[in-house]
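Now for the letters of each chain:
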Amino acid sequence: MGRGKIELKKIESTSNRQVTFSKRRMGLLKKAQELSVLCDAEVGVIIFSNTGRLYDFSSSRFSSFNHLP
């Protein structure tokens, strides 16, 4: 049995929004790593928080996104 759909709208509570961002960020980065391993794919993900903090993942071929302008 699957989970119910949620309405996609901005979460008004700052603390709830931060918790959701953190959980979903970790889930997205985990999925990117799994895709890279399972499918031998080159994957890169860049995420900016609402405070401007950078989170990134890159598979083995890409050492880092730091070389981007």
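Residues numbered from 1 in each chain as written. Predicted model: local features only at pLDDT ≥ 70, side-chain atom pairs only at ≥ 80, totals over all residues. Heavy atoms only, no water.

Enquirer: Give me the lowdown on a nonpolar patch on the surface, citing residues and values where you can.
Expert: A cluster of nonpolar residues, Ile46, Phe48 and Leu54, forms a patch on the protein surface that exposes about 290 Å² of accessible area. As for its position among the elements, phenylalanine 48 is in strand β1 (residues 44–48). (Patch = residues over 30% accessible without salt bridge, like charges linked within 9 Å, V, L, I, M, F, W, Y side chains within 5 Å. Areas by Shrake-Rupley, 256 points an atom, 1.4 Å probe, with all protein chains shown as cover. Salt bridge = Lys/Arg side-chain N within 4 Å of Asp/Glu carboxyl O. Helix = DSSP H or I, 4+ residues; strand = E, 2+ residues; numbered from the N terminus.)

Enquirer: Describe the packing of aromatic side chains, listing the residues and the values that go with them.
Expert: A full pass over the atoms with the stated rule returns one aromatic pair. Sitting over the face of the ring of tyrosine 55, arginine 25 holds its NZ or CZ atom 4.0 Å from the ring centroid. (Phe/Tyr/Trp six-rings, centres within 6.5 Å; stacked < 30°, edge-to-face > 60°. Lys NZ or Arg CZ within 6 Å of the ring centre and 35° of its normal.)

Enquirer: How would you explain helix α1 (residues 14–39) if you had to name every residue and give the values?
Expert: With 26 residues, α1 extends 37 Å between its outermost C-alpha atoms, agreeing within 8% with the 38 Å of an ideal straight helix rising 1.5 Å per residue. Along α1, the residues classified as buried are Arg25, Leu29, Ala32 and Ser36. Of the surrounding elements, those touching the buried residues of α1 are β1 and β2 (54–58). The positive-phi residue at the C-terminal boundary of α1 is aspartate 40, with phi of around 50°. (Expected span 1.5 Å × (residues − 1). Buried < 20%, exposed > 50% of the residue type's maximum accessible area, 1.4 Å probe, protein only. Contact = heavy atoms within 4.5 Å.)

Enquirer: I'd love a proper account of unusual backbone geometry, names of residues and values included.
Expert: Not every positive phi belongs to a glycine, and aspartate 40 is a case in point at roughly 50°. Its place among the elements puts aspartate 40 in the loop between α1 and β1.

Enquirer: Any chance you could break down the pairing of β2 for me, citing the residues and the numbers?
Expert: Strand direction decides the pairing type here: β1 and β2, joined by five bridges, are antiparallel. For phenylalanine 48, the partnering residue across the bridge sits in β2 and is leucine 54. Taking the residues that link successive antiparallel strands as the turn, the β1-β2 hairpin has five residues, and the phi of glycine 52 there is positive, at about 95°. (Pairing = 2+ DSSP bridges.)

Enquirer: Help me get a handle on the environment of tyrosine 55, residues and values and all.
Expert: Position of tyrosine 55 relative to the elements: it lies in strand β2. Relative accessible area serves as the criterion here: at 16%, tyrosine 55 is assigned to the buried category. Excluding residues that lie within four positions of it along the chain, tyrosine 55 makes contacts with Phe21, Arg25, Val45, Ile46, Ile47 and Ser49.

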